[in-house]
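An overview of the molecular structure
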Amino acid sequence: MTSAADSCRTPLVEAEGVSRAFRARQGLLGRRRDILAVREVDLTVARREAVGVVGESGCGKSTLGRLLLHLLKPTAGTVRFDGRTLAEIGGDRLRTLRRRMQLIFQDPYGSLDPRRTVGDQIADGMLIHGLATPAEARERVAGLLSQVGLDPAHAARLPHEFSGGQRQRVAIARALATGPDFVVADEPVSALDVSIQAQVVNLLADLRESLGLALVFISHDLHVVRHLCDRVAVMYLGRVVETGPAAAIFAAPAHPYTRALLAATPSLVRRRDSSRAPLAGELPSPSDPPSGCGFRTRCPFATTACAEAVPPLEAFGGDGRQVACVRVAEIG
Amino acid sequence: MERRDLHRLAVPLAVVGGIVALAAAAPLLPLADPVHIEVSARLTPPSEGHWLGQDEYGRDVLSRAIWGARASLAVSFLAAAIAGIAGTALGLLGGYFRGVVEILTVRSAEAVLCFPPLLLALLVVTLLGPGAGTLIVALSILYAPSYARVAYAETLAARNLDYVVAQEALGARSGRILLRTVLPNVAPPLLVQFSLTVASAMVLESGLSFLGLGVVPPEPSWGLMIRGARSTMDQAPWLLLWPCLALTGTIVALNMLCDALRDVLDPRGRTVSANPFRAFVSGLLPATEPAPAPPALLRVDGLHLAIGHGPGALPAVRDVSLAVAPGETLAVVGESGSGKTLTGLAILGLLPPVVRVTGGRILYTGRDGTTVDLARLGEPALRRLRGDELSMVFQDPSASLNPVHRVGDQVAETIRAHRDLSAAEARRRAVALLDRVGLPDAARRARAYPHELSGGQRQRAVIAAAIANGPRLLIADEPTTALDVTIQAQILELMAGLKAQAGGMGLIFVTHNLAVVSEIADRVVVMYVGEVVEEGPVAEVFGSPRHPYTAALVASVPEGDDDRLSAIPGVVPPLHDLPAGCRFAPRCGLAEPACTAGAPALESLGGGRSTRCRRWREVA
Ligand SMILES: Nc1ncnc2c1ncn2[C@@H]1O[C@H](COP(=O)(O)OP(=O)(O)O)[C@@H](O)[C@H]1O
Ligand code: SF4
Ligand code: SF4
Ligand SMILES: [Mg+2]
């Protein structure tokens, strides 16, 4: 047994060098190729900490989120939860541990079973883990619904009777039902309208505060992440290319990709600067990544040196930031 | 289950139930002995004692039909049910666990399909001896693999759905996930499979019985009756009629039942049906208002659109007016359900069949200088304009491209639909267009199929087709919403560039993203549940909004430095339950009793600005 002091010092979630490959076949008779969705990622999440994972679609954010919850098995590296390596605990003990870690999905339409009432779905976790009798569960469902800002009387309704924002609240209630201390939210507001997005982001912020949750918040929108997260990891082509305090990265992005991402994000307050050309080209295929730095095919600063080796994540700037770019010091 | 569901199920359920009850009650009914032979009364037509006549051995046909139903129904229902349960279990397991389990279940079940059905049946009969029981076993083995296949395919699709992964994340056991979550959601196609299987089992039963592999004569079954009647078809055709009627009637009733069940089990219910005739007639009605001054390009005047018809019609778009000048970019912004897309579709006459124009005008001045009302233009005239003077880019580029044609050919097709050009010349222009929209290596990519391009490249191809004939007005409906920000920036830059080159092209850009509006548009129309609430030049509207909704939208954009985002309380009201008076009142911080008493009108503020708020002076 670890002492209480120990368990406070160890991070709640620790990913070390995790990679995940998917088998895919190109075309009907094409040869098999491995898609390297996540490559050698280190990430720690402390208790009560909110970490943002940012990047464009296909960069491996969702895969990383599922690896952290051991919903996918890593092809290399380890994920530890509260000091225990998830790959080494099996079956029932892993299922018991799942009470403490939860997932919230992007698509509020796909994440709820269309055929069961929201109350039943929220109660599932409590019943599966024997945390409540059906009668107690019903009561707790009412409490959870009002906690996420919904009418407790709506427990008997089916998902299609709710709007997108309300469904996302239901999904949050379901994730909270087992009293988790770690939640991965995979683009939970990306499918919502702005005004609703703000409601849900605020709700997540409040719940994190009051319940002391550790949160991994996956998003392609740096703006939203900044409101919610202490730390950010920016991913490109399966790797973390920059990580550090959210405010610092937002104020002065260091990696050329982070800069491009921020510059490309449209803004209400700053009108588009026509001299600033958008990032050219597209994300290379994760089954055939470029040698060396994954960003070099689109990077305005790329040199021949960038093709030689994968730039390691190295401390930069003294504000707790790490950047994976060989030229980061030069380009200032 | 709701009353209306019971209603739908009532008829097919009663028919199938009646047939089954009749067969079950055969021993209790005052029927003649179905195997009693009376050779002298061979092939007698229907008479008082024998309502349906007598067969080739003089047996009572009515009695044989009812007793025969027992064998036929029992064999086919039991076989279909056993096959269904076994096959579904195999398919669920195989699809859920994949790997070795898949090989042991689905793949080995499929091996059964390689045997000729008769050979398989013979094998079973040799092992078990003939009889109805054998028939059930043989048919179950025969049909189980097709259930397994359907269940397998459905499970594969369902197992990656978020709500199934959610159960896994909750720590549910596989058995619970399979039974409570996957099975109910893969059930509808399996129900259809069930009705198909029962029908085909009934037919096969007759064939196998004839070969002496199934029901053994003289016991009756519909299959044996059909066989028997076939040989005497010339002398007594009615003998063929009765069992065939019974067989088809049962199968039809069963299909109806399964269809109704599937619909009832779909929690989303049924959609409103359209009345195309009404829509057609309303399209023919002439405008009654006096003709206003023609617009330079486009002016929508008091447009009303309704979904459905009759008293239940939903007023999706109400009193929408907007105008686009040549060379101008007008953004239409609003949350989902605000009517942005419908307004855009109405301009091009592309409204889905359930939606119709119930009022207003869409005045468009064409290349030749004449002004027409697009809301009342016939389809042939609209088709001449669409893709030529008016064109559209949709949110989902893959839905706008035909997956089986090369993208270059699709662009060339658009050109040839409106211009008299040779195929070679059109193709040459298509490549030039693809190059102009920034598709890398355009000459080679023109020969690519849509699935070979990325999302951003597909959207470029769609834009190439949209501008192929130099449109005067381009409507782009959320063209960048499905794209990543760096790709979105590329497409926005492309559209701005195209507009600058094609001097005079008007652009209506529909989006929910305020930041995108401020990057691309000159003027903006803000919509809320089907109404325009504010309009004006972008910088002014976003800089100093004159409607509380616009102000709240601007404040909720996550760009500020505050830790908390500013959210609009409440939800967008549904169309069937719009609040009285000002539609925004329930969510508005400035609402006062007068706001709910009467609906505010769109008020012009001068300088091209207007607002639909009685308290606009107080909006901060
Ligand atoms: N189950 C899977 N099978 C094959 N490829 C996958 C699977 N899941 C993800 N991928 C691929 O892995 C890469 C990363 O995907 P994902 O983690 O979903 O990215 P993101 O969440 O950042 O959009 C993509 O190229 C994606 O197509
Ligand atoms: S390592 Fe080279 S290519 Fe990669 S981001 Fe840095 S400068 Fe660009
Ligand atoms: S009319 Fe009244 S309720 Fe409507 S937006 Fe203005 S102040 Fe708010
Ligand atoms: Mg994702």
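A quick note: this is a predicted structure, and the numbers were derived from the prediction, not measured.

What follows concerns the pairing of strand β1 (residues 298-307) of chain B. Residues and elements named next belong to chain B. Strand direction decides the pairing type here: β1 and strand β2 (residues 314-324), joined by 7 bridges, are antiparallel. Looking across to β2, one finds that A306 is bridged to P315. Two successive antiparallel strands, β1 and β2, enclose a turn made up of 6 residues, where G308 displays a positive phi of approximately 80 degrees. Pairing between β1 and strand β4 (residues 355-365): 8 bridges, direction antiparallel. Residue pairing across strands places I307 opposite V355, the latter belonging to β4.

Let's shift gears to the UniProt feature "domain: ABC transporter" (unreviewed entry) in chain B. Following the UniProt record, one finds the feature "domain: ABC transporter" (unreviewed entry) at residues 298-554 of chain B. Within residues 298-554 of chain B, the helical portion is 38% and the strand portion 26%, while the C-alpha atoms at the span's ends are 28 Å from each other.

With that out of the way, let us pick up the sheet that holds strand β12 (residues 321-323) of chain A. Residue and element names in this part refer to chain A. Across the sheet, 8 strands lie side by side as β6-β7-β8-β3-β9-β10-β12-β11; this open sheet has mixed pairing. The two strands at the open ends of the sheet, each matched to only one other strand, are β6 (101-104) and β11 (314-316). Each neighbouring strand pair of the sheet contributes to a mean axis angle of 25 degrees, computed without reference to strand direction. Judged from the 4 bridges that link them, strand β3 (residues 50-54) and strand β9 (residues 231-236) form a sheet pairing that is parallel.

Let us look at the site of ligand 3. Residues in contact with ligand 3, as listed here, are B:H547, B:P548, B:C582, B:A585, B:C588, B:L590, B:A591, B:C595, B:P600, B:C613, B:R614 and B:R615. Each residue belonging to the shell around ligand 3 can be placed in one class, and the counts come to 9 nonpolar, 1 polar and 2 charged.

Interface size is commonly expressed as the accessible area that is lost once the parts come together. If you look at the interface, chain B gives 62 residues, while chain A gives 60 residues. The contact between chain B and chain A buries some 5500 Å² in all, and 51% of this surface belongs to carbon and sulfur atoms. Considering only the side of chain B, the residues that lose the most area to chain A are B:L170, B:E519 and B:E559, jointly responsible for 13% of the buried surface there. Put simply, chain B and chain A have 2 salt bridges between them. The partner of A:D124 in a salt bridge is B:R176, and the shortest N-O contact between them spans 2.7 Å. There are 20 residue pairs in polar contact (both at pLDDT 80 or more) connecting chain B and chain A. Breaking the side of chain B that touches chain A down by element, the ones donating at least two residues are α6 (162-169), α7 (174-210), α17 (455-466), α18 (485-501), α19 (514-520) and α21 (548-556) of chain B. Residue classes in the side of chain B that touches chain A are distributed as 27 nonpolar, 18 polar and 17 charged.

Now for the packing of helix α3 (residues 99-113) of chain B against helix α5 (residues 132-159) of chain B. Helix packing geometry: the angle between the two helix axes and the distance between the axes. Residues and elements named next belong to chain B. It is the contact of α3 with α5, at a shortest axis distance of 8 Å, that shows an interaxial angle of 135 degrees. In terms of orientation, α3 and α5 fall into the oblique class. Seen from above, α3 lies across α5 with left-handed handedness. From α3, E102, V106, R107, A109, E110, V112 and L113 reach across to α5, where they touch I141, L142, P145, A148, R149 and Y152. Of the residues contributing to the contact of α3 with α5, the split by class is 9 nonpolar, no polar and 4 charged.

For A:L237, which is not glycine, the phi torsion reads 50 degrees and is therefore positive. Mapped onto the fold, A:L237 is located in the loop between β9 and β10 (239-245). In the Ramachandran plot, B:R98 falls in the positive-phi region, its phi being about 50 degrees despite a non-glycine side chain. You can see B:R98 is positioned in the loop between α2 (61-97) and α3. With a relative accessible area of 39%, B:R98 lands in the partly exposed category.

This part covers the pattern of salt bridges. Enumeration over the complete set of coordinates arrives at 45 salt bridges over all chains. A salt bridge links A:R100 to A:D181; the nearest nitrogen and oxygen atoms lie 3.0 Å apart. Of this pair, A:R100 sits in the loop between α3 (91-97) and β6 while A:D181 sits in the loop between α6 (164-176) and β7 (182-186), placing them 81 residues apart in sequence. Residue B:R107 is joined to B:E102 by a salt bridge in which the shortest nitrogen-to-oxygen separation is 2.7 Å. Looking at B:E102, the relative accessible area reads 9%, which means it is buried. A network of salt bridges, in which partner residues are shared, links B:R98, B:E102, B:R107, B:E110 and B:R149.

Turning our attention to the UniProt feature "transmembrane region" (unreviewed entry) in chain B. Within this structure's numbering, the places UniProt gives as "transmembrane region" (unreviewed entry) are residues 73-97, 118-144, 190-216 and 237-257 of chain B. The span residues 237-257 of chain B is 95% helix and 0% strand, and its two end C-alpha atoms sit 31 Å from each other.

Turning to the nonpolar core, a few remarks are in order. With 66 residues, the main nonpolar core has B:I463, B:M495, B:V524 and B:F542 as its most contacted residues. There are two domains that each give this core at least three residues, and those are domain 2 (298-535) and domain 3 (542-619) of chain B.

Our focus in this paragraph is the pairing of strand β7 (residues 473-477) of chain B. Residue and element names in this part refer to chain B. For β7, the buried fraction is high: 5 of the 5 residues fall into the buried class. Of the strand pairs in this sheet, strand β6 (residues 390-393) and β7 are connected by 4 bridges, and their pairing is parallel. Of the residues in β7, the one forming a bridge with V393 is A476. Where β7 lies against strand β8 (residues 506-511), 5 bridges are found, and the strand directions are parallel. Each bridged residue has a counterpart across the sheet, and for I475 the counterpart in β8 is I508. Once you follow β7 into α18 and on to β8, the crossover reads as right-handed.

Attention shifts here to the site of ligand 1. All names here are of chain A. Close contacts around ligand 1 come from F22, I35, A37, E56, S57, G58, C59, G60, K61, S62, T63 and P286, and that covers them all. The backbone of C59 places a nitrogen or oxygen atom 3.2 Å from an oxygen atom of ligand 1. The side chain of S62 places a nitrogen or oxygen atom 2.6 Å from an oxygen atom of ligand 1. Contact with the protein chains hides 63% of the accessible area of ligand 1, taken as 560 Å² for the molecule alone.

Residue and element names in this part refer to chain B. The sheet built from 4 strands is open, its strands ordered β2-β1-β4-β5 with antiparallel pairing. Edge positions in the open sheet fall to β2 and β5 (371-373), since each of these has one partner strand only. When strand polarity is set aside, the average angle formed by the axes of neighbouring strands in this sheet is 10 degrees. Of the pairings in the sheet, the one linking β4 to β5 comprises 3 bridges and is antiparallel in character. Pairing of T365 across the sheet is with T371, part of β5. Strands β1, β2 and β4 of the sheet are contacted by helix α11 (residues 340-347), whose axis makes an angle of about 115 degrees with β1.

Rules used in this analysis
Residues numbered from 1 in each chain as written. Chains lettered and ligands numbered in written order. Predicted model: local features only at pLDDT ≥ 70, side-chain atom pairs only at ≥ 80, totals over all residues. Heavy atoms only, no water. Pairing = 2+ DSSP bridges. Helix = DSSP H or I, 4+ residues; strand = E, 2+ residues; numbered from the N terminus. UniProt positions renumbered as here; feature names shortened; annotations may be inferred. Axes fitted to C-alpha atoms, helices over the stretch in contact; angles between N-to-C directions. Near = heavy atom within 4 Å. Nonpolar A, V, L, I, M, F, W, Y, C, P; charged D, E, K, R; others polar. Contact = heavy atoms within 4.5 Å. Buried area = accessible area lost by both parts, 1.4 Å probe. Salt bridge = Lys/Arg side-chain N within 4 Å of Asp/Glu carboxyl O. Polar contact = N/O pair within 3.5 Å; in protein donor to acceptor, adjacent residues only side chain to side chain. Parallel < 35°, antiparallel > 145°, perpendicular 65-115°, else oblique. Left-handed = near helix turned anticlockwise from the far one by under 90°. Buried < 20%, exposed > 50% of the residue type's maximum accessible area, 1.4 Å probe, protein only. Core = buried A, V, L, I, M, F, W, Y, C linked by side-chain atoms within 4.5 Å. Domains from an automatic or database assignment. Right-handed = clockwise from strand over helix to strand, strands pointing away. Areas by Shrake-Rupley, 256 points an atom, 1.4 Å probe, with all protein chains shown as cover.

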